[in-house]
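Topology and contacts: notes
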Amino acid sequence: MKLLLGIILLHGSMARADGERAGDFDYFVLALSWSPNWCKLEGRARDSEQCDKRMGWVVHGLWPQYEDGWPAYCLSGERAPSRQVTAAQADLFGTGGSAWYQWKKHGVCSGLSATDYYALAREAYESVEQPEVLEKIDRTFSIPASLIEEAFLKANPAWEPDMLTVTCTDGHIQEARLCLTKDLEPRGCAADTVRDCTLSKALIEPIR
């Protein structure tokens, strides 16, 4: 009986994250991915065109969030973006395909049209002062992951530490995630959003 109850509760929580009503969320997470690391771990194996470009921080996504959990694949009457529209986002998301996927999974939950969602993602991205130090490295470095967060906070002095979280995967810096209000003002992250990487030797690949 306990096992059955656990399965029911698990599926209930999963269902809450898919097919929710568009526009019903509490805040955004702007997820920035360090492109050289993603290319080393995944992108080149996929033969992604993103890895043929000299890119640093790119938008993984602008994700609507609840204070507990997040919506995905929401019910929306908005039209899907054309290939021309998504291709125009390649400078922001790395590829047009990534822009399309982010719209399909997360953008539909914003309650915005695809064009407005991409414009908002660009506005959020451009509001961030990116640390210049990573753009200057010419070889693979191993550093405490906390230094990435410190570099962002130094470049953006109005931010507080609880507004930003840095993630790692397979020993590499993965993403910097900034929590934002619906008006794109930095705010504290909810507890389930925090993924602070504690590695003392996290790898960073240079832009090639």
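Right, let's walk through the structure included here.

Let's talk about unusual backbone geometry
Although it is not a glycine, Asp170 adopts a positive phi angle of roughly 50 degrees. Mapped onto the elements of the fold, Asp170 is located in the loop between β4 (164–169) and β5 (172–180). Judged by relative accessible area, which is 63%, Asp170 ranks as exposed. The residue Leu184 is not glycine, and still its phi comes out positive at about 70 degrees. On the secondary structure map, Leu184 appears in the loop between β5 and β6 (202–204).

Overview of helix α5 (residues 96–105)
Gly96, Ala99, Gln102 and Trp103 are the residues of α5 that are buried. Down the axis of α5, the smallest arc covering the buried residues is 125 degrees, so these residues share one side. For α5, the secondary structure elements touched by its buried residues are β2 (57–65), α3 (83–87), α4 (90–93) and α6 (114–126).

Considering the pairing of strand β1 (residues 27–34)
By the criterion of burial, β1 is predominantly enclosed, with 8 of the 8 residues buried. Side chains of β1 alternate between two faces, with Tyr27, Val29, Ala31 and Ser33 and Phe28, Leu30, Leu32 and Trp34 buried alike. Note that β1 and β2 share 8 bridges and pair antiparallel. The residue of β2 that forms the bridge with Leu30 is Leu62. Bridge analysis of β1 against β5 gives 6 bridges, and the strand direction is antiparallel. Each bridged residue has a counterpart across the sheet, and for Ala31 the counterpart in β5 is Arg177.

Re the pairing of β4
Along any regular strand the residues' side chains alternate between the sheet's two faces. Two elements, β4 and β5, share 6 bridges in a ladder whose sense is antiparallel. In the sheet register, Cys168 faces β5, and the bridge partner there is Ile173. Counted between consecutive antiparallel strands, the loop separating β4 from β5 contains 2 residues, among which Asp170 sits at a positive phi close to 50 degrees.

The rules we used
In every chain, residue numbers begin from 1 and rise along the written sequence. At least 70 in pLDDT is required for a residue's local features to be given in this predicted model, at least 80 for side-chain atom pairs to be given and counted, and no such filter applies to totals for whole chains, interfaces and linings, which use all residues. Derived side-chain values reflect all non-hydrogen atoms in the structure, with water molecules and hydrogen atoms excluded from consideration. By definition, any uninterrupted DSSP run of H or I lasting at least four residues is a helix, any uninterrupted run of E lasting at least two residues is a strand, and each is numbered from the N terminus. Throughout this description, buried means an accessible area under 20% of the type-specific maximum (1.4 Å probe, protein chains only), exposed means over 50%, and partly exposed covers the range between. By construction, the arc corresponds to the directions joining the helix axis to the C-beta atoms. In this analysis, two residues are considered to be in contact whenever any of their non-hydrogen atoms come within 4.5 Å of each other. When DSSP finds two or more bridges between a pair of strands, those strands are recorded as paired.

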